[in-house]
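Tertiary structure, described
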Amino acid sequence: MYQIITGPLLWLTFLVFVGGLAWRVYTYVKGLDWKLDRVAYGTQTAHGVRGAANSILSWVVPFGSQGWKVKPIFTIMFFVFHIGIVITPLFLLGHAVILKMRFGISWPALPMYMADILTVGMMIAGVCIIVRRIALPEVRIITSFYDYLLLVITIAPFFTGFMAVHQLGGDYKVWLYAHIISGEVMLLAIPFTKLFHMVGFFLTRGQIGMDYGIKRGGMKGTNMAW
Amino acid sequence: MPEGKFCNRTPVNTQEDLEALLGDKGGKQYYAEMEELDVDKAKLATSLKNTCKSRLRTWLDMCAHCGLCADSCFLYLCNDRDPKQVPAYKIQSTLGEIVKRNGDVDNAFMRQAMEVAWSQCTCCNRCGQYCPYGIDMGVMFSYTRGLLYSQGFVPWELKIGSGMHRVFKAQMNVTDEDWTETCEWMAEEAQDEWPGLEIPIDKQDADIMYTVNAREPKHYPEDISEAAVLFHVAGENWTVPSSGWEQTSLSLFAGDWEACTLQVKHVYAAIDRLNPKRAVGTECGHAHRATVIEGPYWAGRPDGLTPKPYLHYTEWLAEALREGKIKIDPAKRIKQLVTLQDSCNYIRNYGLKKITREIVSYLVEPGYFVEMSPNKEHNYCCGGGGGFNGIGRFRKQRNRALMVKRDQILDTGAKLVIAPCHNCWDAIRDLEEEFKIGIKWSFLKPLVISMMIVPEHLQPQEEE
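Predicted model only: the values in this text are computed from it and were never measured. (Residues numbered from 1 in each chain as written. Chains lettered and ligands numbered in written order. Predicted model: local features only at pLDDT ≥ 70, side-chain atom pairs only at ≥ 80, totals over all residues.)

Quick word on the overall build of chain A
Note the threshold: Under the DSSP-based scheme used, a helix requires at least four consecutive residues in state H or I and a strand at least two consecutive residues in state E, with every element numbered from the N terminus.
The number of helices and strands found in chain A is 12 helices and zero strands. Ordering the α and β elements of chain A from the N terminus gives α-α-α-α-α-α-α-α-α-α-α-α. Expressed as lengths along the three principal axes of its C-alpha atoms, the size of chain A is roughly 65 × 40 × 35 Å.

Notes on the overall build of chain B
The condition is simple: Taken over C-alpha atoms, the radius of gyration is set against a globule rule of 2.2 Å times the number of residues to the power 0.38. To sort residues by burial, count the other C-beta atoms lying within 10 Å of each one's C-beta; a count of 20 or more means buried, 12 or fewer means exposed, and anything in between means partly exposed. C-beta atoms are built from the backbone.
Summing up its helical and strand segments, chain B has 23 helices and seven strands in all. What you see for chain B is a C-alpha radius of gyration of 22 Å, in line with the 23 Å of a compact globule of 464 residues. Taking all 464 residues of chain B together, the buried fraction comes to 54%.

Regarding the interface of chain A and chain B
Definition in use: Here, residues touch in the contact sense if the C-beta positions derived from the backbone fall within 7 Å of one another. For this scheme, ten residues count as nonpolar: Ala, Val, Leu, Ile, Met, Phe, Trp, Tyr, Cys and Pro. Four count as charged, namely Asp, Glu, Lys and Arg, and the remainder, Gly too, count as polar.
On the side of chain B, 42 residues touch chain A, which itself brings 45 residues to the contact. Taken together, the elements giving at least two residues each to the side of chain A that touches chain B come down to α2 (8-31), α3 (34-37), α4 (45-60), α5 (66-69), α9 (137-140) and α12 (197-214) of chain A. A per-class count over the side of chain A that touches chain B returns 19 nonpolar, 14 polar and 12 charged.

A short note on the sheet that holds strand β6 (residues 416-418) of chain B
All names here are of chain B. As a reminder, the rule being used: Note: two strands are recorded as paired if DSSP finds a minimum of 2 bridges between them. Axes here refer to lines fitted to C-alpha atoms; in helices the fit is confined to the stretch in contact. Angles between the N-to-C directions go from 0 to 180 degrees.
With parallel pairing, the three strands of this open sheet are ordered in space as β5-β6-β7. At either end of the open sheet lies a strand with only one pairing partner, and these are β5 (338-340) and β7 (440-442). Going across the sheet, the axis of each strand differs from the next one's by a mean of 25°, ignoring polarity. Pairing of β6 with β7 involves three bridges; the strand directions are parallel. By the bridge assignment for β7, Ile-418 is matched with Ser-442.

A look at the packing of α2 of chain A against helix α11 (residues 172-189) of chain A
All names here are of chain A. What counts is decided by this rule: Note that the term roughly parallel is reserved for angles under 35 degrees, roughly antiparallel for angles over 145, roughly perpendicular for angles of 65 to 115, and oblique for everything else. It is the rotation of the near helix from the far one that decides the hand of a crossing: anticlockwise by less than a right angle makes it left-handed, clockwise makes it right-handed.
Running from N to C, α2 and α11 cross one another at 20°; their axes reach a closest spacing of 8 Å. Here α11 runs roughly parallel to α2, going by the angle between their axes. Crossing hand, α2 versus α11: left-handed. Contacts between α2 and α11 involve Leu-9, Leu-10, Thr-13, Val-16 and Phe-17 on the former and, on the latter, Glu-184, Leu-187 and Leu-188. Classifying every residue of the contact of α2 with α11 by side-chain character gives six nonpolar, one polar and one charged.

Here's the deal with the pairing of strand β3 (residues 278-281) of chain B
All names here are of chain B. Relative to β3, strand β1 (residues 208-211) runs parallel, the two sharing four bridges. Directly across from Thr-211, in β3, lies its bridge partner Gly-281. Pairing analysis gives two bridges linking β3 to strand β4 (residues 310-311), with the strands arranged parallel. When the sheet's bridge partners are listed, Ala-279 is paired in β4 with Tyr-310.

Focus on the sheet that holds β4 of chain B
Strand pairs in the sheet, formed through backbone hydrogen bonds, run parallel or antiparallel to each other. Across the sheet, four strands lie side by side as β2-β1-β3-β4 (chain B); this open sheet has parallel pairing. Of all the strands in the sheet, the pair left with one neighbour each is β2 (238-239) and β4 of chain B.

Examining the packing of helix α18 (residues 313-322) of chain B against helix α20 (residues 353-363) of chain B
When two helices pack together, their arrangement is given by the angle between the helix axes and the distance between those axes. Residues and elements named next belong to chain B. For the pair α18 and α20, interaxial distance at closest approach is 9 Å and the crossing angle is 45°. In terms of orientation, α18 and α20 fall into the oblique class. You can see that α18 and α20 cross each other, and the crossing is left-handed. Contacts from Thr-314, Glu-315, Leu-317, Ala-318 and Leu-321 of α18 reach α20 at Ile-355, Thr-356, Glu-358, Ile-359 and Tyr-362. Considered class by class, the residues forming the contact of α18 with α20 number six nonpolar, two polar and two charged.

Quick word on unusual backbone geometry
If a residue is not glycine, its phi is most likely negative; likewise, a peptide bond is most likely trans. Residues and elements named next belong to chain B. The amide bond that connects Ser-373 to the next residue, Pro-374, takes the cis arrangement and shows omega of -5°. By the element assignment, Pro-374 lies in the loop between α20 and α21 (395-412). The phi torsion at Asn-102 lies on the positive side, around 45°, for a residue other than glycine. Considering the arrangement of structural elements, one finds Asn-102 in the loop between α6 (87-100) and α7 (107-119). You can call Asn-102 partly exposed: it has 13 C-beta atoms within 10 Å. Positive phi values are uncommon outside glycine, yet Asp-205 reaches one of about 55°. Following the sequence through the fold, Asp-205 ends up in the loop between α11 (176-191) and β1.

Concerning the domain arrangement of chain B
All names here are of chain B. Using the following cut-off: Here the limits of each domain have been adopted from an automatic or database domain assignment.
When cut into domains, chain B gives domain 1 (39-154), domain 2 (168-311) and domain 3 (327-451). Using C-alpha coordinates to define each centre, domain 1 is positioned 28 Å away from domain 3. The interface of domain 1 with domain 3 comprises 14 residues on the first partner and 17 residues on the second. Within the residue set of the side of domain 1 that touches domain 3, elements represented by two or more residues are α5 (74-78) and α7. Broken down by element, the side of domain 1 that touches domain 3 gets its largest block of residues, four residues, from α5.

Side note on the nonpolar core
Under the convention used in this document: Joining buried Ala, Val, Leu, Ile, Met, Phe, Trp, Tyr and Cys residues through C-beta atoms within 7 Å gives a set, and that set is a nonpolar core.
Within the largest apolar cluster, 150 residues are counted, with the highest numbers of intra-cluster contacts made by Cys-69, Met-140, Leu-148, Ala-228, Leu-317, Ala-419 and Ile-428 of chain B. Apart from residues lying up to four places away in sequence, Cys-69 of chain B is in contact with Val-86, Pro-87, Ala-88, Cys-127, Tyr-130, Cys-131 and Met-137 of chain B.

Focus on the environment of Leu-9 of chain A
Residues and elements named next belong to chain A. You can see Leu-9 is positioned in helix α2. Residue class for Leu-9 comes out partly exposed when judged on the 15 C-beta atoms lying within 10 Å of it. Measuring from C-alpha to C-alpha, the distance between Leu-9 and Gly-42 comes to 41 Å, with 33 residues separating the pair along the chain. Leaving out residues up to four positions away in the same chain, Leu-9 has contacts with Ile-4 and Glu-184.

Structure, rendered in structure tokens:
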């Protein structure tokens, strides 16, 4: 079991994850059409790139945009959730050890207590996001089962990993296997679901930034105040 | 019934058809026929295949259903925060469904989609500013309007409006003869007070070619003479084209992209014919959007630019004030609280926020200008944009939509609103009529004329 899920299945997961994302990025960019979108991507590229950078930067920085500023509580939940998701798996000590043992790669790692804080923070934020979906009528009306499923897919590897690391709730091996499998499920889901936003965020934010950078004021020297 | 006499999938292309459709008062028969109109599902699927590309599909597909767009939408705010007014809900339940079902939708669905597309969205694009992914539902509703229009599901007035552009190359059935006669008449009238004033028609190689909104020759000819007075005082070498003078595009509101292209190419042809150094358009938002912002793309210009630099009126006016071509009498500056309406079309969507404020700095005594909140590119729609002002069927919804602007104005305490956009100007006039909050509203031209210093050589000679 362990051999399969950390061997062939893991490699297959990485392959589908990287290949799927590459395909989606390719089809997105290929599908941009200056005439239909009414944005001169190809001829006013310098203005476009400037606009895209402004658009992306304003939104990756906490409270960097008006949209974040007017919703401070959500913004905090959002960033705690996403920072936990991105930083924890990339710099977890356990993952670094595997990299060292299997491939001889030295990889920086977070102290354990930091990883714990990020993981617990991410899970709490995840629960708050679920509560928000149920509590607010303007969010409830657009929420479907699929949205909850994605949250479960996203939180599962963190929850199971946390249980395994701290040897909570019975046989740690069960939690470890569940962790590996749920992690693979999440990676596999990314290219095929809304979780594509991991890359798609940069594409769509970049695109609207190009729109503003070229057509909607950028060429008049106005930076959109996101 | 496949297609009706009035309500059908064929655009209005002849004067005869236009008059017949106008004869159906209030669109009574038109809307009755709409209830029976079939959806051409194959055509709809083909349209999607050809025009719904990765930008729109990714937007629809990736929307995280986070609801951050809700508070950005003034229609959500003024309709008691009805969840059905959340932008993401509105677009997912209309365009989202059409795409999901690949065009397999029925008549009732299309009529509902029409109501949402024209009475629950003014295409102000504000939601796109508040979506973390930058999903612009204004862009998507404009696209949806195009699909609905091509299937015949479009409000009566806008079917007429886009037909006007097809038949007359102008809305409100203003012909080129009407236009040139109005110019001549206005020049004659103004000459008593402004000796030497002219409205030069079809002058070659002028510095400025001026274009307008057809409702100026139709209902507000004084706007044309005011423009003439200001060009005259500024000493501009200017002209108006005898054809290609109409800058607006009700076809933009209707989603009739073919008519949009016809209209803007007609204006560009006038530029090619007269070869002015620059063009200047009147104080209108959507006219600027149609001719300068979207127009180059409809006309197939890969650089996204007009054939010659094309200024919004505020850009020309700011320049004239900055360069001293027009001087304001300091004693006549506005000394009452005054606020400014930011038009979505050329502020949010064209970046002229500093230009209008520069003008205000010349016209208003320091300390008397009050910003609305929010303002600049974050300002709310006037309440009547995107064709909303002109659709009788949705009048009730439009009047309700004015409440947000009403409250924004009330909060400033100002009794005067500068509204350099025809659509905003109308909406603010209507909100005063509807709610009687005791405000006045004005374009820039009459304000500037009332407070500028007239150089001696341009003043009328005293009669001996």
